[in-house]
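# Chains, contacts and geometry: an overview
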Amino acid sequence: IGAICSQQQDLKAVVQEKAGIQACRQRRNQQTRSKARMGKAILKGHRAMLDEANASVSAIQVVEAKDMIGDAKYVFVDLRDIRELQRDGKIPGAFSCPRGMLKFWINPGSPYLKDVFNQDATYVLYCNTAWRSALGAKTAMDMGLAPVVHIEGGFSAWKEAGGDIQAVERKS
């Protein structure tokens, strides 16, 4: 019986070792595939960046955002692409600022500075699902713009809650 138990333990150890080796190979293969696609391994993924942003940026619910519409103490900033705006519309009165331009449009030292970012107001950022707005709000805050919040769930949550929508026409 002792020999059988010893053999079972040896077999179990071999199986665990093989599983560990397979897991190691899978991780290496994923890294290799990632490097092949990207040219190098990504050290911080979008989820980690979103977690960091959400830990430092306040999110408001759609019901709160609805109460802020039309109040000069709040500036709504839509970070979505112009094609999204033209297709789906925007929150009434929101300023359109593609996320890629945000850091340039809020920077007083930039030739692209927009006056809308030089107000004594709370900036309410949103995008479609609150990913870009979380990252954009963190960037804006890191640069010194304050106060800044973003809408939990983004424009999708706004539409789902029956929020008013302003059409955006295509420019010719």
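Residues numbered from 1 in each chain as written. Predicted model: local features only at pLDDT ≥ 70, side-chain atom pairs only at ≥ 80, totals over all residues. Heavy atoms only, no water.

### Remarks on the nonpolar core
- One finds Val77, Leu102, Phe117, Tyr123 and Leu125 to be the most contacted residues of the largest nonpolar core, which totals 17 residues.
- Secondary structure elements with two or more residues in this core: strand S2 (74–78), helix H5 (99–105), strand S4 (122–126) and helix H6 (131–143).
- If near-sequence neighbours (up to four positions away) are discounted, Leu125 is found in contact with Val77, Leu79, Leu102, Ser133, Gly136, Ala137, Val148, Val149, His150 and Ile151.
- Core analysis: the next-biggest nonpolar cluster, separate from the first, contains 13 residues, Ala65, Ala94, Tyr126 and Val149 among them. (Core = buried A, V, L, I, M, F, W, Y, C linked by side-chain atoms within 4.5 Å. Buried < 20%, exposed > 50% of the residue type's maximum accessible area, 1.4 Å probe, protein only. Helix = DSSP H or I, 4+ residues; strand = E, 2+ residues; numbered from the N terminus. Contact = heavy atoms within 4.5 Å.)

### Re the packing of aromatic side chains
- Across all of its chains, the model carries five aromatic pairs by this definition.
- Aromatic pair Tyr126 and Phe155: ring centres 6.1 Å apart, planes at 20 degrees, arrangement stacked. You can see Tyr126 sitting in strand S4 and its partner Phe155 sitting in helix H7 (residues 154–160), a full 29 residues away along the chain. Each member of the pair, Tyr126 as well as Phe155, carries the same accessibility label: buried.
- Here the aromatic cluster, defined as three or more aromatic residues joined through ring pairs, consists of Phe95, Trp105, Phe117 and Tyr123.
- Positioned over the ring face of Phe155 is Arg80, at 4.1 Å from the centre of the ring.
- A cation sits over an aromatic face here: Lys114 above Trp105, 4.7 Å from the ring centre. (Phe/Tyr/Trp six-rings, centres within 6.5 Å; stacked < 30°, edge-to-face > 60°. Lys NZ or Arg CZ within 6 Å of the ring centre and 35° of its normal.)

### Some details on unusual backbone geometry
- Residue Pro147 follows Ala146 across a cis peptide bond; omega there is -10 degrees.
- A positive phi is found at Ala130, a non-glycine position, where the angle reads about 85 degrees.
- Along the chain, Ala130 turns up in the loop between S4 and H6.

### Digging into the sheet that holds S2
- On the basis of which strands lie adjacent, the open sheet formed by five strands has the order S1-S5-S4-S2-S3 and parallel pairing. At either end of the open sheet lies a strand with only one pairing partner, and these are strand S1 (58–60) and strand S3 (95–96).
- Judged from the three bridges that link them, S4 and strand S5 (residues 148–151) form a sheet pairing that is parallel. Bridged to Val124 within S5 is Val149.
- Packing against the sheet, H6 makes contact with S4 and S5, and its axis sits at approximately 180 degrees to S5. (Pairing = 2+ DSSP bridges. Axes fitted to C-alpha atoms, helices over the stretch in contact; angles between N-to-C directions.)

### Quick notes on the pattern of salt bridges
- Following the criterion strictly, the structure yields six salt bridges and no others.
- One salt bridge connects Lys44 with Glu52, and the closest N-O pair in it is separated by 2.9 Å.
- With a relative accessible area of 37%, Glu52 lands in the partly exposed category.
- Among the salt bridges present, the one from Arg83 reaches Asp81, with a minimum N-O distance of 3.2 Å.
- Judged by relative accessible area, Arg83 falls into the exposed class, the value being 58%.
- Take Asp81: its relative accessible area is 26%, and that puts it in the partly exposed class. (Salt bridge = Lys/Arg side-chain N within 4 Å of Asp/Glu carboxyl O.)

### Comments concerning the pairing of S4
- With respect to burial, S4 is a largely interior element, five of its five residues being buried.
- Burial of the side chains of S4 extends over both faces: Thr122, Val124 and Tyr126 are buried on one face and Tyr123 and Leu125 on the other.
- After leaving S4, the chain enters H6 and then returns to the sheet as S5, a path that is right-handed. (Right-handed = clockwise from strand over helix to strand, strands pointing away.)

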